Amino acid sequence: STRASFSNVHPSDNEILEEPPQSFRIVSSASQARRKSNIVKEMEKMKSKREEKRAQFSEIRNKRAQEFDSSCPNWEFARMVKEYRATIDCRPISMNDPIEEHRICVCVRKRPLNKQELAKKECDMITVANRNTILVHEPKVKVDLTKYLENQPFRFDFSFDEAASNEMVYWFTARPLVQTIFEGGKATCFAYGQTGSGKTHTMGGNFSGKTQNASKGIYAFASQDVFLLQNQPRYKAQGLEVYVTFFEIYNGKLFDLLNKKAKLRVLEDGKQQVQVVGLQEIQVGCAEDVIRMIEMGSACRTSGHTFANSSSSRSHACFQIILRRKGKLYGKFSLVDLAGNERGADTSSADRQTRMEAAEINKSLLALKECIRALGQNKPHTPFRESKLTQVLRDSFIGLDSRTCMIAMISPGMSSCEYTLNTLRYADRVKELPRNGIAGEANLMETENEELEISKEGSNCNHEQLSEDELSPHLSSFREAVTRISELEEKAIEELKEVREVSIDGLCIKPPFGAEFTK
């Protein structure tokens, strides 16, 4: 009876699972329906908000497109550049600005958009903020496809915008160097930049199709000032005579442009002076004679077809104005129109001849940069033997009476933005000036020299030091000098590591080999 009563009070588990309460099932189904309905409502709200935002963005986009040319493929970047320029006060250089004297002068010139770039409706990505600062608006795209600009500032001695004429560029760059050659010094002016950036236009003169007006280039302006100074009373009594030479350097070989492109040789005489054997010097008496020589030489210059320019200069053209007194060299002004630099990736699809030309051009440009840096930092050794260009211009890099000016030419189009940045970085490495009051990137060569000095001071050993004589021509060959320098550098690095280990361990002097510490 007890068991029967217990079973009536506590039913079995099977009975509980089979017959759940009816009210519980109704409540659970209602809560699930309510929960589902809340989620659906939230999703609908999110969807409506998303559609509203899209409508707002499309409306803003349409309004902005109406303000700009919607047919322009990069009108969004053009709008961002315009908005950024509205926030800065641009003050370009003018003829009334003072001229500063520099031993190494580095300036940059921006050319206007050409016909091809205007036809493609390219954006102008370069802003000349003032006489020293230039801004590059590099276009970027984020991971979520958001477009934005990375504004990179560069600072140089002078910056010229697209409105600057050749005469204004000459006034601030090459004109101060003319006085140098009348004082017995050497002056050099380079035009550097990408293919089609306006180097030959700046140095040689304006072009009307394939016809060149040589009277509007830096070559002609410099020759006019040379004859003006020659006729002044203080220089007229010295009996100075003016000569000109014009040659090109193509694939490491020299050709005389004033003598039917005769091949020349570069040799060193017994006094370790570089001589160009066979180079013809023509005496001139007025600026008109110089202009005729320029036109005759420019017509013979080597040119070729590249991806950026149908008539690209494929050689370095060097026009020299030489002053002689009683047959002896008194002063020399070298005006160099460098070949256009190109990336290896852009010449990979070209033929073998074009690739060889590009490789030789880039090699000589790197050697030129190192020579100018050595001149500006008064280094005891100038690596002029690295290329024919620097070897020919060796006397312009040696001596305290040498002055150099580099004009970096840049293209403003959006498709040339990467080339423009490479050109500006090259020029910035030649002469590093602080940007916005902050020092630029530290010089790698100076850092290496500081590490060598620290290692010499930290180690109390007297070892051999590299002297200037070891880099002089007394060595049997240049390779031996390079090998000697690399050995000394490795030795200095090893000593620096030893000094650092000693400082970490807290020891002042290392015990000799085999010695033991005594208590």
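Residues numbered from 1 in each chain as written. Predicted model: local features only at pLDDT ≥ 70, side-chain atom pairs only at ≥ 80, totals over all residues. Heavy atoms only, no water.

Draft legend 1. Inspection of the pairing of strand 18 (residues 402–410) at higher detail. Of all nine residues in strand 18, nine are buried, a share of seventy percent or more. Residue alternation in strand 18 divides its side chains into two sets, Ser-402, Thr-404, Met-406, Ala-408 and Ile-410 and Arg-403, Cys-405, Ile-407 and Met-409, and both sets are buried. As paired strands, strand 1 (residues 104–110) and strand 18 are joined by seven bridges and run parallel to one another. Counterpart to Val-108 in the pairing with strand 18 is Ala-408. Examined bridge by bridge, strand 6 (residues 186–193) and strand 18 share eight bridges and lie parallel to one another. Bridge pairing in strand 18 links Phe-190 to Met-406. (Buried < 20%, exposed > 50% of the residue type's maximum accessible area, 1.4 Å probe, protein only. Helix = DSSP H or I, 4+ residues; strand = E, 2+ residues; numbered from the N terminus. Pairing = 2+ DSSP bridges.)

Draft legend 2. Region of the structure containing helix 15 (residues 417–430). Look at helix 15: 20 Å from first C-alpha to last across 14 residues, which is about the 20 Å you get at 1.5 Å a residue. Listed as buried for helix 15 are Cys-417, Tyr-419, Thr-420, Leu-421, Thr-423, Leu-424, Tyr-426, Ala-427, Asp-428, Arg-429 and Val-430. (Expected span 1.5 Å × (residues − 1).)

Draft legend 3. Quick look at the sheet that holds strand 4 (residues 147–155). With antiparallel pairing, the three strands of this open sheet are ordered in space as 2-3-4. Single-partner strands in this sheet number two, and they are strand 2 (126–128) and strand 4. Strand-to-strand twist in this sheet, taken as the mean axis angle between neighbours without regard to direction, amounts to 25°. Two strands pair when backbone bridges link them, and strand 2 and strand 3 (residues 133–141) are joined in this way by three bridges, in the antiparallel orientation. In the strand pairing of strand 3, Val-128 is matched with Ile-134. The strands touched by helix 4 (residues 75–85) within the sheet are strand 2, strand 3 and strand 4, with strand 4 carrying the most contacts at an inclination of about 50°. (Axes fitted to C-alpha atoms, helices over the stretch in contact; angles between N-to-C directions. Contact = heavy atoms within 4.5 Å.)

Draft legend 4. Examining the confidence of the model for the protein more closely. Looking at the protein as a whole, the pLDDT averages 76, with 72% of positions reaching at least 70. Predicted confidence in the protein is weakest over helix 16 (residues 444–458), with a mean pLDDT of 39, and strongest over strand 5 (residues 158–160), with 94. Throughout residues 1–17 the model reports pLDDT below 50, and contacts reaching past four residues in sequence, or to other chains, amount to one contact. Confidence over residues 507–519 falls short of pLDDT 50; this stretch has six contacts with residues more than four positions distant or in other chains. (pLDDT = per-residue confidence, 0-100.)

Draft legend 5. A look at the pattern of salt bridges. Counted by the stated rule, this structure contains 15 salt bridges. One salt bridge connects Glu-138 with Lys-140, and the closest N-O pair in it is separated by 3.5 Å. A residue is classified by how much of its surface remains accessible, and Glu-138, at 16% relative accessible area, is buried. Note on Lys-140: relative accessible area 27%, which makes it partly exposed. (Salt bridge = Lys/Arg side-chain N within 4 Å of Asp/Glu carboxyl O.)

Draft legend 6. Structural context of the environment of Phe-333. Here Phe-333 shows up in strand 17 (residues 328–337). A relative accessible area of 0% means that Phe-333 is categorised as buried. When the C-alpha atoms of Phe-333 and Ile-321 are compared, they prove to be 5.1 Å apart, with 12 residues separating the residues in sequence.

Draft legend 7. Structural view of the side chain of Gln-152. Position of Gln-152 among the secondary structure elements: in strand 4. Classification of Gln-152 as buried rests on a relative accessible area of 13%. Polar contacts involving the side chain of Gln-152 include one to the side chain of Glu-138, which spans 2.5 Å. Apart from the residues lying within four places of it in its own chain, the contact partners of Gln-152 are Ile-134, Leu-135, Val-136, Glu-138, Leu-421 and Arg-425. (Polar contact = N/O pair within 3.5 Å; in protein donor to acceptor, adjacent residues only side chain to side chain.)

Draft legend 8. Seen up close, a negative patch on the surface. Together, Glu-487, Glu-489, Glu-490, Glu-494 and Glu-498 make up a negatively charged patch on the protein surface. Relative to the helices and strands, Glu-498 is located in helix 17 (residues 478–505). (Patch = residues over 30% accessible without salt bridge, like charges linked within 9 Å, V, L, I, M, F, W, Y side chains within 5 Å. Areas by Shrake-Rupley, 256 points an atom, 1.4 Å probe, with all protein chains shown as cover. Lys, Arg positive; Asp, Glu negative; His and termini not counted. Charge placed at Lys NZ, Arg CZ, Asp CG, Glu CD.)

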